[in-house]
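Chains, contacts and geometry: an overview
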Amino acid sequence: MRSADHSRGTSRSRGINSTQRLQQSFERDFWGERTGGHGGLEILRHIGPGLLVTVGFIDPGNWASNMAAGSQFGYALLWVVTLSTLMLIVLQHNAAHLGIVTGDCLAEATTKHLPRPLARLLLATAWLATVATALAEVLGGAIALQMLFGLPLKVGCVLVAVAALLLLATNSYQHIERWIIGFVSLIGVAFLAELALVQVDWPQAAAGWVTPSLPLGSGTIVMSVLGAVVMPHNLFLHSEVIQSQHFEGQGDAVIQSRLKYEFADTLFSMGIGWAINSAMVILAATTFYQQGIVVDDLGVAASTLAPILGQGARVVFALALLLAGLSSSITAGMAAGTITAGMFGEEYDIHDRHSSGGVALCFVAALVACLLVQDSFQGLLWSQALLSLQLPITVFLQIYLTSSHRVMGRYANGLALKVLLCAIGAFVTVLDVLLLA
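Rules behind the numbers
Residues numbered from 1 in each chain as written. Predicted model: local features only at pLDDT ≥ 70, side-chain atom pairs only at ≥ 80, totals over all residues. Heavy atoms only, no water. Helix = DSSP H or I, 4+ residues; strand = E, 2+ residues; numbered from the N terminus. Buried < 20%, exposed > 50% of the residue type's maximum accessible area, 1.4 Å probe, protein only. Contact = heavy atoms within 4.5 Å. Areas by Shrake-Rupley, 256 points an atom, 1.4 Å probe, with all protein chains shown as cover. Axes fitted to C-alpha atoms, helices over the stretch in contact; angles between N-to-C directions. Parallel < 35°, antiparallel > 145°, perpendicular 65-115°, else oblique. Left-handed = near helix turned anticlockwise from the far one by under 90°. Nonpolar A, V, L, I, M, F, W, Y, C, P; charged D, E, K, R; others polar. Phe/Tyr/Trp six-rings, centres within 6.5 Å; stacked < 30°, edge-to-face > 60°. Lys NZ or Arg CZ within 6 Å of the ring centre and 35° of its normal.

1. Here's the deal with the overall build of the protein chain
- In terms of regular secondary structure, the protein chain is built from 21 helices and zero strands.
- For the protein chain, buried positions account for 59% of its 437 residues.
- Put simply, of all contacts in the protein chain between residues at least 6 apart along the chain, 82% involve residues at least 24 apart.
- For the protein chain, the computed accessible surface area is about 16600 Å², with 68% contributed by carbon and sulfur atoms.

2. Re the packing of helix α9 (residues 153-170) against helix α17 (residues 313-343)
- Where α9 contacts α17, the axes come no closer than 9 Å and their chain directions differ by 55°. The pairing of α9 with α17 is recorded here as oblique in orientation. Along this stretch, α9 crosses α17, giving a crossing that reads as right-handed. Between α9, through Val160, Ala163, Ala164, Leu167 and Leu168, and α17, the contact on the second element is made entirely by Leu322, Leu326, Ser329, Ile330, Gly333 and Met334.
- Of the residues in the contact of α9 with α17, the class split is nine nonpolar, two polar and no charged.

3. Quick word on the packing of aromatic side chains
- With the rule as written, the count across this model stands at two aromatic pairs.
- Each ring, one from tryptophan 202 and one from tryptophan 209, has its centre 6.4 Å from the other, and the planes form 25°; the classification is stacked.
- Look at tryptophan 209 and tryptophan 274: their rings are 5.2 Å apart centre to centre, the planes differ by 40°, and that puts the pair in the tilted class. Taken together, the residues tryptophan 209 in helix α11 (residues 202-210) and tryptophan 274 in helix α14 (residues 252-287) connect sequence positions 65 residues apart.
- According to the relative accessible area criterion, tryptophan 209 is buried, its value standing at 18%.
- Taking the relative accessible area as the measure of exposure, tryptophan 274 reaches 28% and is therefore partly exposed.
- Connected via pairs of aromatic rings, a cluster forms that spans Trp202, Trp209 and Trp274.
- Over the ring of phenylalanine 344 we find arginine 120, and its NZ or CZ is 5.0 Å from the ring centre.

4. Some points on the environment of phenylalanine 288
- In this fold, phenylalanine 288 is placed in the loop between α14 and α15 (298-301).
- Separated by 221 residues in the primary sequence, phenylalanine 288 and methionine 67 place their C-alpha atoms 9.0 Å from one another.
- Each residue touching phenylalanine 288, except ones within four places of it in the same chain, is listed here: Ser71, Leu283, Ile293, Val295, Val300, Ala301, Ser303 and Thr304.

5. What to know about the packing of helix α8 (residues 116-149) against helix α18 (residues 353-372)
- Running from N to C, α8 and α18 cross one another at 60°; their axes reach a closest spacing of 8 Å. It follows from the interaxial angle that α8 and α18 lie oblique. The two elements α8 and α18 cross, and the hand of that crossing is right-handed. On α18, the residues that touch Trp127, Thr130, Val131, Ala134, Leu135, Val138 and Leu139 of α8 are Gly358, Leu361, Cys362, Phe363, Ala365, Ala366, Ala369 and Cys370.

Written out as structure tokens, the structure reads:
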């Protein structure tokens, strides 16, 4: 017991000693000079917690889910994008709320405030969700390598997984992260710009955004889109990057201002993500659905960019897919490390054995799953569907912690927010049950 307490205290001291560096670097990253990083959290502070989630909006799993939704059901499933984004805004802000107020990430708070066996079980399911996420990212990167160089899919999976693991272990990804995020963001802009070049039935699209419907055979796609937008690992990761700045000891005024700033960041970033996701679905609907073509291959989906990129659409699409897969693999690995570190009451630190062990095991498990997948496109869809199945566990865990006065003090969820969060959790649970049935 003494050894465990000492270990936890050492980890916490290490986190506290880095607090000033994190805070100063955070401010400079947004307002001026850039400084060195704090392990894997550099990428998160670089793009902002809200934009981190937005980058996840255009990862390979999202591409597959959105293309499948638009090509098979036209505008009918746009409401899933809208509803998922609204839920995401509430959940991500609530996760950040926990980190700002308590100085603990979601994984640390779970270990601290729940019985150890229950905490380990809940966090284990969340870690498995990061494996499903990493599966999609690695598989998407491998599909891109196949499109670019004709590499066998399994060879590509190994290359992407090893590259992501090495970049995380050495922190060398910090030197290319801006280029990765910038390029992937340009592809998001390309999807949005192309809306002006296709014949969109805007009244029908507007109805699709706000009118819930479940066309026959849409169950897996609905679960995939939901899981691709509201991703459990992002809730853990968002709370981790926020808590690493340790605002909780700086007084109520700082906490209040940071809560407002964070909500604005989340609202703005999620709005961008909603627009890009919607654009993907609409482009698939106009390009494929109207011609009766069902997308079951991301290589075919590259043609959605042809009107704006011409003959180079396939190459640019594949490059963006590769970089999206690589950058998302990195954040998925970091989430796995955050969760395993939280099991031991520690902050994420790639140089600590609990964090690095969680990262390494995540990639090994994801790689094994990739090698067993027979249909890569279906593998992407089902990986996202699995995320939606784990989501209720993370949501209700988060609700319990952020509604507890013992955990949050006077910043615990109010009645209205608690009802809204519970409604979100209940909706996701019922939807999962109905679709599985």
